[in-house]
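Overview (structure and organization)
Here is what each chain is made of, one letter per residue.
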Amino acid sequence: MSLLAKAIVKNKCWIVEDNGHQIGTILATPRGVVYQHNEQREQFASLKLCSDRYNIIVDKAPPHKIITESNNVYGYPCEYKANNILWDVKHKLPIFTKGTKSKSFFCAGYYIVKFNNGWVKSYCPKLITLNRYPYAGPYESAEEMQEHLRIANGALHGTSIKPASEEI
C-alpha cells in the first residue's frame, strides 16, 4: 500500500492521500519537513526520508489551473466563474465580478500594464488598475500577451499601447 502526496505549493506543502481521501499533510521547514497525520507531527530531515518511511509517492508539481469554456467572458479567458458580465463599449473591455453581489470589477483576458518599473503581465486585472495605469489588451492567450510585452519593453519599435483611460 502506498500513499500519494500531492503538491499544493511547489516544494513547500503537500496533501497526503490514501485512495483519494486526505489523511495528512507534509510541510517544508528550515530543518526538513513535518509530516502531520493521525493527530501527530513527525519531523524528518528530508522529504525523501519521510516518503521512504511511510511509502509515500511524492508529486512535486502543483496542479495547473485549467481554464474551461465556462470561465470565458466574451471570448476572453478568466480563472473565476464570472458574474455580472458587461462589455465596456468605449474601452472595449470584457468586465465581470467574482460574486453576484460584488462591487469589484475585473477585466477578463491577458493584459500588459505599465507601472513605474516598466511593463508587466497581468491576468484578469481589476478594472480600477486599468483605469489608473497605461495598459494594452485584452489578449486571448498568454503567448499573444507575452509577445506584446516583449515589444512594449523595447525589444522592437513601433508598438501601439493604450494610455490610461478615464474613470469608467
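What you are looking at is a predicted structure, and each value in this text was computed from that prediction instead of being measured.

Moving on: unusual backbone geometry. The step from G137 to P138 runs through a cis peptide bond, and the omega angle for that step is 5 degrees. Take P138: it is sitting in strand β14 (residues 135-139). Residues other than glycine seldom take positive phi values, yet N55 does so here, at roughly 55 degrees. Inspection of the secondary structure puts N55 in the loop between α1 (47-54) and β6 (56-59). With a relative accessible area of 40%, N55 lands in the partly exposed category. Unlike most non-glycine residues, C124 shows phi in positive territory, near 55 degrees. Position of C124 relative to the elements: it lies in the loop between β13 (118-123) and α2 (127-132). In this structure C124 comes out as buried when scored by relative accessible area, which is 5%.

Moving on to the nonpolar core. Within the largest apolar cluster, 12 residues are counted, these being L3, A5, A7, W14, V16, I26, V33, Y35, F44, L47, C50 and I56. Elements represented by at least two residues in this core include exactly β1 (3-9), β2 (13-18), β4 (32-37) and α1. A total of 3 residues in this core trace back to one element, the largest contributor, which is β1. Setting aside residues up to four positions removed in sequence, I56 forms contacts with L3, L4, A5, V16, I26, Y35, C50 and S51.

With mixed pairing, the 6 strands of this open sheet are ordered in space as β5-β4-β3-β2-β1-β6. Only two strands of the sheet have a single partner each, and these edge strands are β5 (40-44) and β6. The sheet shows a mean angle of 25 degrees between the axes of neighbouring strands, taken without regard to direction. Across 4 bridges, β1 lies against β6 in parallel orientation. Looking across to β6, one finds that K6 is bridged to D59. Relative to the sheet, α1 contacts β1, β2, β3 (21-29), β4, β5 and β6, its axis offset from that of β5 by approximately 125 degrees.

Further remarks concern the environment of G24. Residue position: G24 is located in strand β3. As a C-alpha pair, G24 and H37 span 13 residues in sequence and 4.4 Å in three-dimensional space. Apart from residues no more than four positions distant in its own chain, G24 is found in contact with W14, I15, V16, Q36 and H37.

As a further point, take the sheet that holds β13. Taken together, 3 strands build an open sheet; the order of strands is β13-β12-β14 and the sheet is antiparallel. Only two strands of the sheet have a single neighbouring strand rather than two, namely β13 and β14. Shown here is a sheet whose adjacent strand axes are inclined to one another by a mean of 20 degrees, direction ignored. Relative to β13, strand β12 (residues 110-115) runs antiparallel, the two sharing 6 bridges. Looking across to β13, one finds that K114 is bridged to W119.

Thresholds, definitions, all that
- Residues numbered from 1 in each chain as written.
- Predicted model: local features only at pLDDT ≥ 70, side-chain atom pairs only at ≥ 80, totals over all residues.
- Heavy atoms only, no water.
- Helix = DSSP H or I, 4+ residues; strand = E, 2+ residues; numbered from the N terminus.
- Buried < 20%, exposed > 50% of the residue type's maximum accessible area, 1.4 Å probe, protein only.
- Core = buried A, V, L, I, M, F, W, Y, C linked by side-chain atoms within 4.5 Å.
- Contact = heavy atoms within 4.5 Å.
- Pairing = 2+ DSSP bridges.
- Axes fitted to C-alpha atoms, helices over the stretch in contact; angles between N-to-C directions.

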